[in-house]
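Breakdown of the fold
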Amino acid sequence: MIRNWLFPIIIGLLAAALAWQGTLMATPYVLMSKAMEKVGGRAPVNSFGFGEPSTADNQPIVRPSPDLSYSSCAFDLSKGPVLVDVEPVPGHYWSVSVFDARTDVAAVRSDRETGGKPVKLALKRFSQRVPRDYEPVQLDYNKGLVLVRILVSDKADYPQIDAIPRKARCRVADTK
């Protein structure tokens, strides 16, 4: 009797293991795709979008920090490398993070590392060439997100601070 059920049980366990592994591998891509859709609604691909001060009601990503100002750029490297320029924010903590399509962090730069200088990143695939004055960030996927965060501990400072990230640029490089 057990012999009659052994093959179907093995097939069932194998199918369950394959489904589990497939779900584990697909989840990061699905989550990032949804995040890129929500964040990308603020601005076209390869350009920064800016929002109002964070509240639970106006942020597309769950659990925003109310004392951080967020700017984001959904990027696509299929038409060439993407150049990211972010100005420093004097007297405040700020950071630039690059996430690939799998939700992996490809690069992080902050006020602590830059010494008051702008961040100039060139997001690229293996074969793409980038300008010399940009720091290359090698990516395994064409799509992802750039997130700029600025600590705004006093809401009265927001209008002055908000003007700085609006100078940020995210654009396809002119490789001609």
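In the block above lies the structure referred to throughout.
Quick look at the structure, then. Treat the numbers as computed from the prediction; the structure is a model and nothing was measured.

About the criteria used
Residues numbered from 1 in each chain as written. Predicted model: local features only at pLDDT ≥ 70, side-chain atom pairs only at ≥ 80, totals over all residues. Heavy atoms only, no water. Helix = DSSP H or I, 4+ residues; strand = E, 2+ residues; numbered from the N terminus. Buried < 20%, exposed > 50% of the residue type's maximum accessible area, 1.4 Å probe, protein only. Polar contact = N/O pair within 3.5 Å; in protein donor to acceptor, adjacent residues only side chain to side chain. Contact = heavy atoms within 4.5 Å. Core = buried A, V, L, I, M, F, W, Y, C linked by side-chain atoms within 4.5 Å. Disulfide = S-S within 2.5 Å.

1. Section: unusual backbone geometry
One non-glycine residue, T103, lies in positive phi territory at about 75 degrees. Relative to the helices and strands, T103 resides in the loop between β4 (94-100) and β5 (105-110).

2. A few points about the side chain of S97
Here S97 lies in strand β4. Exposure remark for S97: the relative accessible area of 1% places this residue in the buried category. Polar contacts involving the side chain of S97 include one to the side chain of R149, which spans 2.8 Å. Those residues in contact with S97 that sit more than four places away from it in its chain are A107, V108, L145, V146, L147 and R149.

3. Digging into the nonpolar core
Formed by 26 residues in total, the largest nonpolar core has its most connected members in F48, F75, V84, V86, L123 and V146. Elements with a minimum of two residues in this core: β2 (68-76), β3 (82-86), β4, β6 (119-124), β8 (143-151) and α3 (158-162).

4. Re the state of the cysteines
Applying the stated criterion across every chain yields a total of 1 disulfide. Between the sulfur atoms of C73 and its disulfide partner C170 the distance amounts to 2.0 Å. As the torsion about the S-S bond is roughly -60 degrees, the C73-C170 disulfide counts as left-handed. Pair noted here: C73 is in strand β2 and C170 is in strand β9 (residues 169-172), with a separation of 97 residues, a long-range link. The pair C73 / C170 is uniform in exposure class, with both members buried.

So yeah, pure geometry; function would need other evidence.
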